[in-house]
Amino acid sequence: MPSDEPVRELSRDECRELLKRGVLGRLATAAGGEPDIYPVNYFSDGDSILIRTAPGTKLLELTVHSAVAFETDGYTDDAAWSVVAHGRARQLDRQSEIDEADQAPLQPWIPTLKYRYVHIDIDALSGRRFLRRPEPERW
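It should be emphasised that the depicted structure is a prediction, and the values quoted were computed from it without experimental measurement.

Asks: In this structure, what is going on with helix α1 (residues 12–21)? I would like to understand it.
Replies: Because an α-helix packs 3.6 residues into every turn, residues spaced three or four apart end up facing the same way. If you check which residues of α1 are buried, you get C15, R16, L18 and L19. Taken end-on, α1 shows its buried residues confined to a sector of 170°, consistent with a single buried face. For α1, exposure combined with an orientation more than 90 degrees from the buried face picks out D13 and R21. Its buried side turned inward, α1 meets β3 (34–44), β4 (48–53), β5 (67–75), β6 (79–91) and β7 (116–131).

This is the structure we're talking about:
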């Protein structure tokens, strides 16, 4: 698609780079046939996603049904973008994994104790970039 098109599909490499630069996203779960979505801060190396959480609904849903979607986006004055990852989430339980996750630059944004790590292995990754321009004339 030419670069002046208002919407452009992103390559996997572009998606990976944008995912690595982001810090805030939304985790979508579906347990028992009911969808949920949670805002989360995260860290990504481009191939996987790491989040911290506390015991509760989000963690329970991931235990019941590990298939998740994750979305992050951003914008400037001229463009916006959105990246969506699909994959499998699992709580880290081996101490070696937890020790490694502790080294990631991932801190809670609010003053709560969040010492459970969830790792998402990315199976599919897609994204779009949007040019921000005035709305075209209707008639």
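The rest of the description comes next.
Asks: Looking at this structure, I do not really get a nonpolar patch on the surface. What am I missing?
Replies: A surface patch of nonpolar side chains, about 410 Å² in accessible area, is lined by V23, L24, W109 and I110. Checked against the element boundaries, V23 lands in the loop between α1 and β2 (24–31).

Asks: I'm lost on the environment of E71 in this one. Help?
Replies: Relative to the helices and strands, E71 resides in strand β5. The exposure class assigned to E71 is buried, which follows from its relative accessible area of 17%. Taking C-alpha positions, E71 is 17 Å from R8, a pair spaced 63 residues apart along the chain. Dropping the residues within four chain positions of it, E71 is found in contact with G25, R26, S82, V83 and V84. Side chain to side chain, E71 and R26 meet in a polar contact 2.4 Å long. Here S82 takes part through its side chain, which lies 2.9 Å from a polar atom of the side chain of E71.

Asks: Just checking my understanding: could you explain the side chain of R16 for this structure?
Replies: On the secondary structure map, R16 appears in helix α1. On the basis of relative accessible area, R16 is assigned to the buried category, the value being 19%. Within the structure, the side chain of R16 is placed 3.1 Å from the side chain of D47, a separation counted as a polar contact. Not counting residues up to four positions away in its chain, the partners in contact with R16 are D45, G46, D47 and L125.

Asks: Help me out: how do you make sense of the nonpolar core in this one?
Replies: Generally speaking, a soluble globular protein has its nonpolar side chains buried in company with each other. L27, I49 and F70 are the most contacted members of the largest nonpolar core, which totals 22 residues. Not counting residues within four places of it along the chain, the set of residues in contact with I49 comprises L19, Y42, F43, S44, F70, A85, V118, H119, I120 and I122. Of all hydrophobic cores here, the second largest spans 6 residues; its members include L50, L92, A101 and L106.

Asks: I tried to follow helix α2 (residues 57–64) on my own but got confused; where do I start?
Replies: Of all the residues in α2, the buried ones are K58, L59, E61 and L62. Projected onto a plane normal to the axis of α2, the buried residues spread over an arc of 160° and lie on a single side. Residues of α2 that are exposed and point more than 90 degrees away from the buried face comprise L60, T63 and V64. In this fold, the buried residues of α2 make contact with β2, β3, β4, β5, β6 and β7.

About the thresholds
- Residues numbered from 1 in each chain as written.
- Predicted model: local features only at pLDDT ≥ 70, side-chain atom pairs only at ≥ 80, totals over all residues.
- Heavy atoms only, no water.
- Buried < 20%, exposed > 50% of the residue type's maximum accessible area, 1.4 Å probe, protein only.
- Helix = DSSP H or I, 4+ residues; strand = E, 2+ residues; numbered from the N terminus.
- Arc of directions from axis to C-beta.
- Contact = heavy atoms within 4.5 Å.
- Patch = residues over 30% accessible without salt bridge, like charges linked within 9 Å, V, L, I, M, F, W, Y side chains within 5 Å.
- Areas by Shrake-Rupley, 256 points an atom, 1.4 Å probe, with all protein chains shown as cover.
- Salt bridge = Lys/Arg side-chain N within 4 Å of Asp/Glu carboxyl O.
- Polar contact = N/O pair within 3.5 Å; in protein donor to acceptor, adjacent residues only side chain to side chain.
- Core = buried A, V, L, I, M, F, W, Y, C linked by side-chain atoms within 4.5 Å.

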